[in-house]
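Listed below, chain by chain, are the residues.
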Amino acid sequence: MGDVLAGIHATWEFDTDSVLIRFERGIRTPKLFQSLRERRIPHAALSSVTLTPGKRGTVVLHAVPRPGADPLLEAAAGQLKDGSDPYRLVLPAERETLAEYYADELRALLGPDAAEPAERFLVAAPEAPMHFKAYDGRASFDGDRISFRWFWTGASTAKWKAGDQTFPVSELSGVEWRSPEAFDGYLRLVPRGAPGTDAGAGTGMPPVTGKGATALRTDSAPPGPQSSAPRPTQADQDPAAVIFGLGYGPVHESLPFAAAVLESVRKRQSTPVAVPPASAVRRDPADIAERIRHLGELHQAGLVTDDEFSAKKAQLLAEL
């Protein structure tokens, strides 16, 4: 079509095979939109197009994506509020006729499989490297590995005992994201073959735990090296998870992160990833000293036994 439709917080550019959504960066624009900046949505990724009345003299043009087409919405699993839905374009009511024209044009371009779930992601996820601060640690993703570095002010004793964590994408089967706007939000990585984990939203299976939680697994992967031990029920006790708090792990930071990890897991399931030996990893000496100091505090407080203290201290020293 080659036309442009400007709405509130976003502008849609209509191409022959896709819609390019450019988000504004004003102070009133939802932070998730500002984080995404722009997204190209292929027509093949859409299942339907609707136009409905909005609030306070507006109309809403909504391009509904096919299930499984967008890693961002797969990770969100229905937890996004309407105001943060990147597929909704809010327009003044006087543009309703123009919006209806573009809605009809888009509907005419939908493919024969529009009503079916997508077999693969058709919309690109945000690109790595990415990082954000959770309540109990800092999460980083370089495109190949996810790292959790614990904060001594927020991490549980279980996580301090386990130490900082690094997870190759090749050893994961999915990711769970629970919105930080929920009471107990978190981001949890799902190891390949993790016992007791069902597939989540987007795969036709129920979520793993509580209302709003999702476990997005991308296939029935064989057991991996991390699948032997049972996973802790609570995310604050699980070294494969970071938890959110007020100002820690907000939606506009943690959700794009989860989507990027999910897309990488999907892409690399059948591609072996070379993992460097542990001996090749060297930690910052100051970081090791700080961790040993905190370990000593846990030991003095009786939260760590003599044997645990000695073993963990030796492990940390070996990383120098």
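Keep in mind that this is a model prediction, so the values were computed, not measured. (Residues numbered from 1 in each chain as written. Predicted model: local features only at pLDDT ≥ 70, side-chain atom pairs only at ≥ 80, totals over all residues. Heavy atoms only, no water.)

Undergrad: Looking at this model, I keep getting lost on the layout of surface pockets. Mind explaining?
TA: Over the atoms, a rolling probe the size of a water molecule traces out where space has been left empty. Considering only enclosed or pocket space, the second largest pocket measures out at about 460 Å³ in volume. Every residue lining the second largest pocket is counted, 16 residues in all, and those nearest its centre are Lys-55, Arg-56, Gly-83, Arg-88 and Val-90. When residues of the lining of the second largest pocket are traced back to their parent elements, those giving at least two are β6 (58-65) and β7 (88-92). Looking at side-chain class alone, the lining of the second largest pocket contains seven nonpolar, four polar and five charged residues. (1 Å grid on protein atoms, 1.4 Å probe; cavity = no way out; pocket = protein on both sides within 12 Å on 5 of 7 lines; lining within 4 Å. Points joined across faces, edges and corners; volume = space filled by probe spheres on them. Helix = DSSP H or I, 4+ residues; strand = E, 2+ residues; numbered from the N terminus. Nonpolar A, V, L, I, M, F, W, Y, C, P; charged D, E, K, R; others polar.)

Undergrad: Sorry if this is basic, but what is going on with helix α7 (residues 306-318) here?
TA: A turn of α-helix holds 3.6 residues, and therefore any two residues three or four places apart point the same way. Here α7 contains 13 residues, and its C-alpha end-to-end distance of 18 Å stays within 8% of the 18 Å for a straight helix at 1.5 Å per residue. In the core, the buried residues of α7 are packed alongside α4 (157-162) and α6 (285-300). (Expected span 1.5 Å × (residues − 1). Contact = heavy atoms within 4.5 Å.)

Undergrad: Any chance you could explain the side chain of Glu-263 here in plain terms?
TA: Relative to the assigned elements, Glu-263 resides in helix α5 (residues 251-268). No salt bridge is formed by the buried Glu-263. Its closest oppositely charged neighbour is Lys-267, at 4.1 Å. Apart from the residues within four sequence positions on either side, Glu-263 is in contact with Pro-71, Phe-121, Val-123, Ala-124 and Ala-125. (Buried < 20%, exposed > 50% of the residue type's maximum accessible area, 1.4 Å probe, protein only. Lys, Arg positive; Asp, Glu negative; His and termini not counted. Salt bridge = Lys/Arg side-chain N within 4 Å of Asp/Glu carboxyl O.)

Undergrad: Could you clarify how one ought to interpret the environment of Arg-266 in this entry?
TA: With respect to the element layout, Arg-266 can be found in helix α5. On the accessibility criterion, Arg-266 (27% relative accessible area) is partly exposed. Measuring from C-alpha to C-alpha, the distance between Arg-266 and Leu-172 comes to 9.5 Å, with 94 residues separating the pair along the chain.

Undergrad: I keep staring at the pattern of salt bridges and nothing clicks. Help me out?
TA: Pairing between side chains of opposite charge can happen when their charged atoms approach one another. One pass over the structure, following the stated rule, counts twelve salt bridges. Taking the shortest distance from any N to any O, the salt bridge between Asp-15 and Arg-40 comes out at 2.7 Å. You can see Asp-15 sitting in the loop between β2 (10-14) and β3 (18-23) and its partner Arg-40 sitting in strand β4 (residues 38-42), a full 25 residues away along the chain. Put simply, Asp-144 and Arg-268 hold a salt bridge, and the shortest N to O gap is 2.2 Å. With Asp-144 in the loop between β9 (137-141) and β10 (145-150) and Arg-268 in helix α5, the pair connects residues that are 124 residues apart, well separated along the chain.

Undergrad: What's the story with the nonpolar core in this structure? I'm lost.
TA: Grouped burial of nonpolar side chains is what soluble globular proteins tend to show. Core analysis: the largest hydrophobic core is formed by 64 residues, its most contacted members being Trp-12, Leu-61, Ile-146, Leu-187, Leu-255 and Phe-257. A per-element tally of this core places α5 first, with nine residues. Discounting residues that sit within four places of it in the chain, Leu-187 has contacts with Phe-132, Val-175, Glu-176, Trp-177, Ala-240, Ala-241, Val-242, Phe-244, Phe-257 and Ala-258. Judged by nonpolar contacts, the second largest core, of five residues, contains Ile-288, Leu-295, Phe-309 and Leu-316. (Core = buried A, V, L, I, M, F, W, Y, C linked by side-chain atoms within 4.5 Å.)

Undergrad: Got a minute to help me understand the packing of aromatic side chains in this structure?
TA: To describe a pair of aromatic rings, one takes the distance between the centres and the angle between the planes. The final tally for this structure, using the stated rule, is ten aromatic pairs. By way of ring pairs, the aromatic residues Trp-12, Phe-14, Tyr-101 and Tyr-102 are connected into one cluster. (Phe/Tyr/Trp six-rings, centres within 6.5 Å; stacked < 30°, edge-to-face > 60°.)

Undergrad: Please clarify how the sheet that holds strand β5 (residues 46-53) should be interpreted in this entry.
TA: Sheet strands line up and pair through hydrogen bonds in the backbone, either parallel or antiparallel. With antiparallel pairing, three strands are arranged side by side in an open sheet as β5-β6-β7. The outermost strands of the open sheet, each flanked by one partner alone, are β5 and β7. Here the average twist between neighbouring strands, direction ignored, is 15 degrees. With seven bridges joining them, β5 and β6 adopt antiparallel strand pairing. Each residue of the ladder has a partner; that of Val-49, found in β6, is Ala-63. (Pairing = 2+ DSSP bridges. Axes fitted to C-alpha atoms, helices over the stretch in contact; angles between N-to-C directions.)

Undergrad: I would appreciate a short explanation of the sheet that holds β9 in the present structure.
TA: One open sheet holds the four strands; their spatial order is β8-β9-β10-β11, and the pairing between them is antiparallel. Each edge of the sheet is formed by a strand with only one pairing partner; in this case those strands are β8 (130-133) and β11 (165-168). Going from strand to strand, the sheet's axes swing by 10 degrees on average, the running direction of each strand aside. Note: β10 against β11, four bridges, orientation antiparallel. Residue pairing in the sheet places Ile-146 in a bridge with Phe-167 of β11.

Undergrad: How should the confidence of the model for the protein be read in this particular structure?
TA: Low-pLDDT portions of the prediction should not be read for the details of their coordinates. Averaged over every residue, the pLDDT of the protein is 84; residues scoring 70 or more account for 82%. Contacts from residues 217-228, a stretch scored under 50 in pLDDT, to residues over four places away or in other chains number 32 contacts. Throughout residues 272-276 the model reports pLDDT below 50, and contacts reaching past four residues in sequence, or to other chains, amount to five contacts. (pLDDT = per-residue confidence, 0-100.)

Undergrad: How should the pairing of β10 be read in this particular structure?
TA: On a regular strand, each side chain points to the face opposite its neighbour's, so the side chains alternate between the two faces of the sheet. Burial along β10 is one-sided: Ile-146, Phe-148 and Trp-150 are buried, while Arg-145, Ser-147 and Arg-149, pointing the other way, are not. For β9 and β10, the ladder comprises five bridges, and the chain directions are antiparallel. Among the inter-strand pairings, Gly-137 is bridged to a residue of β10, identified as Trp-150. The turn joining β9 and β10, which pair antiparallel and follow one another in sequence, is formed by three residues; a positive phi near 105 degrees is taken by Gly-143.

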